[in-house]
Amino acid sequence: MRHSWRSGGALVLIPLALVAVISVADILAPRDIRLTALLVAAPAITASFAGPWMTGLIGVVAIAAQVLLDLHGDFLGTRTMQTQLVALVVVSAFLVVFSFLRDRHKEQLTRLRSVSEAAQRALLRPIPPRVGPLTIASIYLAADEEAQIGGDLYAVARGTAATRLVIGDVRGKGLPSVSDAALFLGSFREAARRRASLPDVVVYLEESVGADLEQHAAMWQEAMENFITAAVLEIPDDEPVIEMIDCGHPPPLLVRDHHVTFLEAAEPSPPLGLGELAEPAYRPESFPFDVGDTLLLYTDGVIEARRSDGTFYPLAERVAAWPGGDPEALVEHVRDDLLAYVGGRLGDDAAMVAIQRVAG
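Residues numbered from 1 in each chain as written. Predicted model: local features only at pLDDT ≥ 70, side-chain atom pairs only at ≥ 80, totals over all residues. Heavy atoms only, no water.

K.L.:
Tell me about the pairing of strand S8 (residues 259–262), and please be specific about residues and values.
P.N.:
Of the strand pairs in this sheet, strand S7 (residues 253–256) and S8 are connected by 4 bridges, and their pairing is antiparallel. Within the sheet, the bridge partner assigned to Leu253 lies in S8 and is Phe262. If you look at the hairpin formed by S7 and S8, you'll find 2 residues sitting between the two strands, and Asp257 has a positive phi there, around 55 degrees. (Pairing = 2+ DSSP bridges. Helix = DSSP H or I, 4+ residues; strand = E, 2+ residues; numbered from the N terminus.)

K.L.:
Any chance you could break down helix H2 (residues 13–28) for me, citing the residues and the numbers?
P.N.:
A rise of 1.5 Å per residue sets the reference length of H2, with its 16 residues, at 22 Å; its end C-alpha atoms lie 22 Å apart and thus fit the reference within 8%. Those residues of H2 hidden inside the fold are in contact with helix H3 (41–47) and helix H4 (52–73). (Expected span 1.5 Å × (residues − 1). Contact = heavy atoms within 4.5 Å.)

K.L.:
Lay out the packing of H2 against H4 with the relevant residues and their values.
P.N.:
The N-to-C vectors of H2 and H4 enclose an angle of 10 degrees; their axes lie 11 Å apart at closest approach. By the angle between their directions, the pair H2 and H4 is classed as roughly parallel. Here H2 contributes Pro15, Leu16, Val19, Ser23, Asp26 and Ile27 to the contact with H4, which in turn contributes Ile58, Val61, Ala65, Leu69 and His72. By residue class, the composition of the contact of H2 with H4 is 8 nonpolar, 2 polar and 1 charged. (Axes fitted to C-alpha atoms, helices over the stretch in contact; angles between N-to-C directions. Parallel < 35°, antiparallel > 145°, perpendicular 65-115°, else oblique. Nonpolar A, V, L, I, M, F, W, Y, C, P; charged D, E, K, R; others polar.)

K.L.:
I'd like a description of the pattern of salt bridges, backed by residues and values.
P.N.:
Under the definition given, this model contains 10 salt bridges. Of the charged contacts, one joins Arg164 and Glu234 as a salt bridge, the two residues approaching to 2.5 Å between their closest N and O atoms. Within this pair, whereas Arg164 is found in strand S4 (residues 162–170), its partner Glu234 is found in strand S5 (residues 228–236), the two being separated by 70 residues in sequence. A residue is classified by how much of its surface remains accessible, and Glu234, at 17% relative accessible area, is buried. Between Arg194 and Glu190 there is a salt bridge, with the nearest N and O atoms lying 2.4 Å from each other. Within this pair, Arg194 and its partner Glu190 are both found in helix H6 (residues 174–194), separated by 4 residues, close to a single helical turn. Within the structure, one salt-bridge network assembled from shared partners comprises Arg256, Asp290 and Asp293. (Salt bridge = Lys/Arg side-chain N within 4 Å of Asp/Glu carboxyl O. Buried < 20%, exposed > 50% of the residue type's maximum accessible area, 1.4 Å probe, protein only.)

If you want it as structure tokens, here you go:
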């Protein structure tokens, strides 16, 4: 309530001035011209920027002004003026209720946004800017500003002589997708630190995702259709390479000397959760990754974003126009360009992780 008073403290002069102007004009007008019906504009204007208490106060001021003006003109006893006064009271009461409901809705949205932000921080833990010989930056763009959380995911786990990363996208909606993302990230962090090889990590993730989807299928019918696309990577400290197993995820982009290359897997594996249908071998593929190279991981919310004419976002072309810099500069460049391309609003969640190998 106090916030409403502070935020509307200056603007309240507008309806008060309106009441004063209408009152003076009514007094100066000929007797057969009544302007008191215009007083209802004062609480109506107040309700557009203030809370219920201030709206109610201005309503009382308008009612008092009408009563005084009717007494001054000796109109208080007439049926027309009595009807007008009752209408002003009823309208003011409705405006107070409207202000109350609107403020309560704002508070609910604020709490929802706070909970969503806390859930996102717990689910997508912030990635350190420096991990071993790598500098890393990440960003999450939610299509729904109120939710700020969904099925896009990424994580980094540090080993004794290598860094393992994953970026993925849960193919589902609602609570099942968020639950699947949380379980997947927990499984990755556990497997990335304990499993000796990258194929072992992916096998563990496949088993974990399959078991989770089977369990959720009894709770949510739509969970039966869920699966997770993911790219799982390992970057050794002492070798200028990337080891990657692509499980149906869009290929990463490698930026080297302003040249952009898609790291296409020759033998991509099926999405996680569908391994039983194909019995994949999960063979890692190697790609060069030297000092100064930058790798961009992303979800399909980036490349499937469209502008008004239906054209998809040309990620490789826009990354090639990047003037260079650290990973933070790259994700900011793509974020700003992507939002400008779609007019400020995405149709799907999008996540990006940029990695750069540095000397030393």
